[in-house]
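Residue-level listing of the chains:
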Amino acid sequence: MRDVAIIGVGCTEFGELWDKSFREIFVEAGIGAIQDAGIQGGKIDALYVGNMSGGRFIEQEHIGALIADYAGLASLHIPSTRVEAACASGGLALRQGIIAVASGYHDIVIAGGAEKMTDVDVETTTDALASAADREWEGVMGATFPGLYAMIARLHMHRYGTTKEQLASVAVKNHHHGTMNPKAQFQNEITIDTVLNSVMVADPLHVFDCSPISDGASAVVLAPAEVAHKYTDTPIYVKASAQAGGTLSLHDRKDITTLDATLAAAKRAYEMAKVTPNDIDFAEVHDCFTIAEICAIEDLGFVKKGEGGKATQDGMTAIGGKIPVNTSGGLKACGHPVGATGVKQAVEITLQLRGEAGKRQVDGAEIGLTHNVGGTGGTAVVHIFGRER
Amino acid sequence: MDVGIISYGAYIPRFRIRIEEIAKVWGDDANSITEGLMVYEKSVPDTDEDTITIAVEAARHAINRAGVNPERIEAIFTGSESHPYAVKPTSTVVAEAIGATPSLTAADFQFACKAGTAAIQACLGMAGSGMIDLGLAIGSDVSQGAPGDALEYTAAAGGVAYVIGRENQVAKIESTYSYTTDTPDFWRREGMPYPEHGGRFTGEPAYFKHVTSAASTLMARLGTKPSDYNYAIFHQPNGKFPTRVAKTLGFSSEQIKPGLVVTRLGNTYSGSCMMGLAATLDIAKPGDRILMTAFGSGAGSDAFSISVTDRIEGIRSGAPSVEKLLANPIYIDYARYAKHKGKIKL
Amino acid sequence: MSVPRFWRRLKNLYNLIGTQCKKCGEYHYPPRNLCPKCRRSSLIVPYKFKGLGEVQTYTIVHSSTKDYEKHTPYILAIIKLDEGPSLTSQVICDHAQIHIGMKVKSTFRRLGEESEKGMIYYGTKFIPLEG
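Counting starts from 1 at the beginning of each chain's written sequence and moves along it residue by residue. All chains are assigned letters beginning with A, and all ligands numbers beginning with 1, in the order in which they are written. The predicted nature of this model means local features are confined to residues of pLDDT at least 70 and side-chain atom pairs, given and counted, to a pLDDT of 80 or more, with totals for whole chains, interfaces and linings taken over all residues. Think of the side-chain values as coming from all heavy atoms in the structure, minus any hydrogens and water.

1. Some remarks on the overall build of chain C
Okay, so step 1: Strands here mean DSSP runs of E at least two residues long; helices mean DSSP runs of H or I at least four residues long; both are numbered from the N terminus. Scanning chain C for helices and strands turns up 1 helix and 8 strands.
Okay, so step 2: The principal-axis extent of the C-alpha atoms belonging to chain C is close to 45 × 35 × 25 Å.
Okay, so step 3: Of the roughly 6300 Å² that chain C leaves accessible, carbon and sulfur atoms contribute 51%.
Okay, so step 4: Neither His nor the chain ends is counted toward charge; the positive residues are Lys and Arg and the negative residues Asp and Glu. Charge coordinates come from a single atom per side chain, which is NZ of Lys, CZ of Arg, CG of Asp or CD of Glu. Within chain C, one finds 21 positive and 11 negative side-chain charges whose respective centroids are separated by 11 Å. Surface accessibility in these figures is a Shrake-Rupley result with a 1.4 Å probe; residues are shielded only by whichever protein chains are displayed.

Have a look at this one:
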């Protein structure tokens, strides 16, 4: 097994990209990554792309072939694979790419993610997203995706005393980070009141507790660590790539306030990288809803279970705090084009570790972690990256 | 034939709307309405209730009340004028929901407000003759009255189910007689959301003629008179009609009192008389005799002479009484009522 | 939900019929083909739940898909049945009444419909145990 490095990254803006089609956004992200890596298209050995629902959003399956073709690579006949795990599709695609390089099967691999969610009406989008949960036993009973996370929030508040203001502080922090990310969908400051006064979606979650509907694509170029210096002065090394499954339905979860898939993936990742949660300098975690970030920082071991709300409220996870979380703006402010998110997280970690994060730079960043979740926790993917091998 | 009621169960939705609420919207005088109709409020189904869900709840109460083994039920007939499907029976959903499938026959009945009692008669024949073991007859409705029409004040929601059989009767059905003619006093055409009615024509030539004929003919055949009965129940489109027909036939207001639920419930159409009978059985004593006369527009009247056995007290607590179902209602306003009844097109 | 898919689950939805693994004794609702504990050595049989349970958590859904919009706001909950497993369902009660730990019992309600001319889906929701 070889060590793997990221030698290039690319990302489109995230938002309602009316003028850009699905094909245009992934080509933009892919070209960006290749140029950043300084490689020729002909060197690419394989493509892995995360996409949750081409079928529902753009009535298109066979996404792997589509992407390779429109990236101009059809004549090279490279293997192109679409990977799906609902909102963790991007993280999974990244992991598949890493495994391909680590195993020695391929050398230069592109791992990307793309989603075009705004070509259909909101009803269709909401229904498509609901398929991340159990259609037959949650959906049929009227469970919406925000409804499921709202139930996690309700129990978290009941058991640990987490407050609505603490939930809102996640969104406020992420929006603040978003003001420093030119690619973010939302680059405006908000306040706790903005969140609490926004329309109620599923009690206790308001509109501003929920990540938006977005278009966007991102990509990274992976290479064996031993040759990474041929392409870049700042290769970023993959120290761990771990994935874990959990129950599909929230009602089958052992503890509704804990995503045990995150616990399992994190444990494997820390073991692989030979680090502990204390060694992580900053992280991109899955904040599809504010409560999700609170559970994430608990389940990843950054704080004790139940203390995520207070920690966020106290500023622990803001830039300048003990462990900045979601410097990109997270899913909330940067946006959440489903399949692209997991890869965008890796792009953000890379920029930070290279010292290229501009206004939102975390000082002295050495080791970063990404955390990507599918559904309410049916899948979790955790990666750890570092400046040293 | 020695056949009768083995068990019974009722269901009434929790929501109510007061007559004043409806009168306010249409500019009517609430007092004269309540006095004229002798109805003060009516039941309203929840947004996720309909004739089928009500029929299932009533049937489940009937099964539970006497601990009936649902696999013994070999016929299910549901009468309604608001079956959710025009084609696909309510009775098969009930059959599945009480665990009576697959060895049974089923069909839906419609005959305005007497569809449920017609179902009872069908079960009497099948169970009494030994053709089936037990039969289940249900009257269930989420009756519609056109906005602004007089019927809107009384059209209510509710359902009642009777298990009919030979052994372990709690009330024997001594005899039944029906008086039926083609009298177009009230109808609803296919595809139309609300029924039409003949105003005052629905009185004498329809309700009163058929109810008095059925009741008096049955009593003549049996050689009984009003004083032989402890209780009487007449179809209750409002409080006035049954009160008047009782007087005409020679029944006292005490005799009809327990069964007169319409004042607090409204007219549950196919469930109407059957609800009155359930309320009466809830308090009747062994040996009591009951005359029930249903009426359905179109028109027909089914009369039943019933005698309560000493098994009645043993099953009473197995399911909620009509009084319990009427208790603790949730009052709503006209806007919410219109939303619940689907009067607002979405 | 298509007709065959709904029909296949009819009995489970109407009558709260799940499964039990006779090997380890665990109950499952929704029903399972394989016991998560025993897997290959599962001995799965159907089991009809009593319909009694307790609210583990809940939310009040204000914004939903087209099919459920006319019912909003409604209470969505995870209910732990007496026999052990938890399921997702709706609770019909006063919104001020719903709380974690509330005892509930099953009731038969309309879950939705495919369209105005399509199939109607029925199933089980829950109401408070007392009155």
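Text resumes after the structure shown.
2. Some remarks on the packing of helix 6 (residues 145-160) of chain A against helix 10 (residues 290-299) of chain A
All names here are of chain A.
Okay, so step 1: With their axes 9 Å apart at the nearest point, helix 6 and helix 10 run at an angle of 60° to one another. Between helix 6 and helix 10, the angle is such that the two are oblique. Read as a crossing pair, helix 6 and helix 10 show a hand that is left-handed. Across the interface between the two elements, Tyr149, Ile152, Ala153 and His156 from helix 6 touch Ile291, Ala292, Ile294, Cys295 and Glu298 from helix 10.
Okay, so step 2: Residue composition of the contact of helix 6 with helix 10, by class: 7 nonpolar, 1 polar and 1 charged. Geometry is summarised by axes, namely lines fitted to C-alpha atoms with helices restricted to the contacting stretch, and by angles between N-to-C directions that run from 0 to 180 degrees. Angle categories are assigned with fixed cut-offs, so that under 35 degrees is roughly parallel, over 145 is roughly antiparallel, 65 to 115 is roughly perpendicular, and the rest are oblique. We call a crossing left-handed when the near helix sits turned anticlockwise from the far one by less than a right angle, and right-handed when that turn is clockwise. Throughout, a residue-residue contact means that at least one pair of heavy atoms, one from each residue, lies within 4.5 Å. Basically, the charged four are Asp, Glu, Lys and Arg, the nonpolar ten are Ala, Val, Leu, Ile, Met, Phe, Trp, Tyr, Cys and Pro, and anything else, Gly included, counts as polar.

3. Examining the packing of aromatic side chains
Residue and element names in this part refer to chain B.
Okay, so step 1: Note on ring pairs: Phe, Tyr and Trp rings are taken, using the six-membered ring of Trp, and paired if centres are within 6.5 Å. Classes follow the plane angle, with under 30 degrees stacked, over 60 edge-to-face and the rest tilted. Taken as a whole and assessed by the stated rule, the structure comprises 24 aromatic pairs over all chains.
Okay, so step 2: Aromatic pair Phe208 and Phe241: ring centres 4.8 Å apart, planes at 50°, arrangement tilted. Here Phe208, found in helix 6 (residues 203-222), pairs with Phe241, found in helix 7 (residues 240-249); they are 33 residues apart in sequence, far enough to count as distant. The same class applies to Phe208 and to Phe241, which are both buried.
Okay, so step 3: Measuring from ring centre to ring centre gives 5.7 Å for Phe234 and Phe251, while their planes differ by 70°; the resulting arrangement is edge-to-face. Each residue is assigned to one of three classes by its accessible area relative to the maximum for its type, calculated with a 1.4 Å probe on protein chains only: buried under 20%, partly exposed between the two thresholds, exposed over 50%.

4. Considering the arrangement of the chains
Okay, so step 1: With 2 pairs of chains in contact overall, the greatest share of contacts is found between chains A and C.
Okay, so step 2: Contact between chain A and chain B is absent, and the minimum C-alpha spacing across the pair is 12 Å.

5. Let's talk about the domain arrangement of chain B
All names here are of chain B.
Okay, so step 1: What fixes the domain bounds is an automatic or database domain assignment. Split into domains, chain B comes out as domain 1 (4-170 + 314-340) and domain 2 (171-311).
Okay, so step 2: Using only C-alpha atoms to locate each centre, domain 1 and domain 2 end up separated by 16 Å.
Okay, so step 3: Contact residues are listed per partner, giving 62 residues for domain 1 and 54 residues for domain 2.
Okay, so step 4: Summed over both sides, the interface between domain 1 and domain 2 buries roughly 4500 Å², with carbon and sulfur atoms accounting for 61% of that surface.
Okay, so step 5: On the domain 1 side of the interface with domain 2, the three residues burying the most area are Met38, Cys113 and Val170, jointly 14% of the side's total.
Okay, so step 6: Any carboxyl oxygen of Asp or Glu within 4 Å of a side-chain nitrogen of Lys or Arg constitutes a salt bridge here. Taken together, the links from domain 1 to domain 2 amount to 3 salt bridges.
Okay, so step 7: For the salt bridge of Arg264 with Glu323, the shortest nitrogen-to-oxygen distance reads 2.8 Å.
Okay, so step 8: At the level of secondary structure, the elements contributing two or more residues to the side of domain 1 that touches domain 2 comprise strand 1 (4-11), helix 2 (30-37), strand 3 (41-44), helix 5 (115-128), strand 6 (134-142), strand 7 (157-165), helix 11 (312-315) and helix 12 (322-326).
Okay, so step 9: With 7 residues, the single largest contributor to the side of domain 1 that touches domain 2 is helix 5.
Okay, so step 10: Here the residues of the side of domain 1 that touches domain 2 are counted per class, giving 31 nonpolar, 20 polar and 11 charged. Put simply, buried area is how much 1.4 Å-probe accessible surface two parts lose in total, over both of them, once they are put together.

6. Digging into the sheet that holds strand 2 (residues 46-50) of chain A
Sheet strands pair by backbone hydrogen bonding; their relative direction is either parallel or antiparallel.
All names here are of chain A.
Okay, so step 1: Two strands pair if DSSP finds at least two bridges between them. With mixed pairing, the 9 strands of this open sheet are ordered in space as 3-2-4-7-1-8-11-10-9. Both edges of this open sheet fall to strand 3 (80-83) and strand 9 (282-284), since each of them pairs with a single strand only. Taken over all neighbouring pairs, the strand axes of this sheet differ in orientation by 25° on average, direction set aside.

7. What to know about the interface of chain C and chain A
Okay, so step 1: Taken together, the contact between chain C and chain A spans 33 residues of the former and 28 residues of the latter.
Okay, so step 2: Of the roughly 2700 Å² buried between chain C and chain A, counting both surfaces, carbon and sulfur atoms make up 65%.
Okay, so step 3: At the boundary of chain C with chain A, the tally comes to 3 salt bridges.
Okay, so step 4: For the salt bridge of Glu136(A) with Arg5(C), the shortest nitrogen-to-oxygen distance reads 3.3 Å.
Okay, so step 5: Each polar contact in these results corresponds to two N or O atoms within 3.5 Å; when the atoms are within protein, one needs to be able to donate a hydrogen and the other to accept it, and residues that are neighboring in sequence are counted only if both atoms are side-chain atoms. Inspection of the region where chain C meets chain A yields 13 residue pairs in polar contact (both at pLDDT 80 or more).
Okay, so step 6: Elements with a minimum of two residues in the side of chain C that touches chain A: helix 1 (3-15), strand 4 (52-61), strand 5 (74-81) and strand 6 (86-91) of chain C.
Okay, so step 7: It is strand 4 of chain C that contributes the most residues to the side of chain C that touches chain A, 6 residues altogether.
Okay, so step 8: Class assignment for the residues of the side of chain C that touches chain A results in 16 nonpolar, 13 polar and 4 charged.

8. Here we look at the state of the cysteines
Okay, so step 1: The disulfide criterion is simple: two cysteine sulfur atoms within 2.5 Å. Using the criterion set out here, one finds 0 disulfides over all chains in the structure.
Okay, so step 2: Cys288(A) takes part in no disulfide bond, and the closest cysteine sulfur, belonging to Cys87(A), lies 6.1 Å away.
Okay, so step 3: Given the relative accessible area of 3%, Cys288(A) is considered buried.
Okay, so step 4: Free cysteine: Cys38(C), not disulfide-bonded; nearest cysteine sulfur from Cys24(C) at 3.7 Å.

9. Looking at the pattern of salt bridges
Okay, so step 1: Across all of its chains, the model carries 43 salt bridges over all chains by this definition.
Okay, so step 2: Here Glu28(A) and Lys20(A) are joined by a salt bridge, their closest N and O atoms 2.9 Å apart.
Okay, so step 3: Lys305(A) is the salt-bridge partner of Asp299(A), the closest N and O atoms lying 2.9 Å from each other.
Okay, so step 4: Residue Lys305(A) is classed as partly exposed on the basis of its relative accessible area of 28%.
Okay, so step 5: Salt bridges sharing partners connect three or more residues here, namely Asp46(B), Asp48(B), Glu49(B), Arg109(C) and Lys125(C).

10. Regarding the interface of chain B and chain C
Quoted interface sizes are often the accessible area lost when the parts come together.
Okay, so step 1: Contacts between chain B and chain C engage 22 residues on the former and 19 residues on the latter.
Okay, so step 2: With both chains or domains summed, chain B and chain C bury close to 1700 Å², and 47% of this area falls on carbon and sulfur atoms.
Okay, so step 3: Contact with chain C buries surface across chain B, with Asp48(B), Tyr85(B) and Glu96(B) losing the most and accounting together for 31% of the total.
Okay, so step 4: Counting across the interface, chain B meets chain C through 6 salt bridges.
Okay, so step 5: We note a salt bridge from Arg109(C) to Asp48(B), for which the minimum N-O separation is 2.7 Å.
Okay, so step 6: Taken together, chain B and chain C are joined by 16 residue pairs in polar contact (both at pLDDT 80 or more).
Okay, so step 7: Broken down by secondary-structure element, the contributors of at least two residues to the side of chain B that touches chain C are helix 3 (51-65) and helix 4 (90-98) of chain B.
Okay, so step 8: It is helix 3 of chain B that contributes the most residues to the side of chain B that touches chain C, 5 residues altogether.
Okay, so step 9: Its residues assigned to classes, the side of chain B that touches chain C shows 9 nonpolar, 3 polar and 10 charged.

11. Details of the side chain of His251(A)
Okay, so step 1: As for its position among the elements, His251(A) is in the loop between strand 8 (236-245) and helix 9 (260-273).
Okay, so step 2: Polar contacts involving the side chain of His251(A) include one to the side chain of Thr88(C), which spans 2.7 Å.
Okay, so step 3: Those residues in contact with His251(A) that sit more than four places away from it in its chain are Trp137(A), Glu138(A), Pro30(C), Ile78(C), Ser86(C), Leu87(C) and Thr88(C).

12. Here's the deal with unusual backbone geometry
Okay, so step 1: Residue Ala299(B) is reached from Gly298(B) by a cis peptide bond, and omega for that bond is -5°.
Okay, so step 2: Turning to its location among the elements, Ala299(B) is positioned in strand 13 (residues 298-308).
Okay, so step 3: In the segment running from Tyr29(C) into Pro30(C), the intervening peptide bond is cis, with an omega of 0°.
Okay, so step 4: Its place among the elements puts Pro30(C) in the loop between strand 2 (27-28) and strand 3 (44-48).

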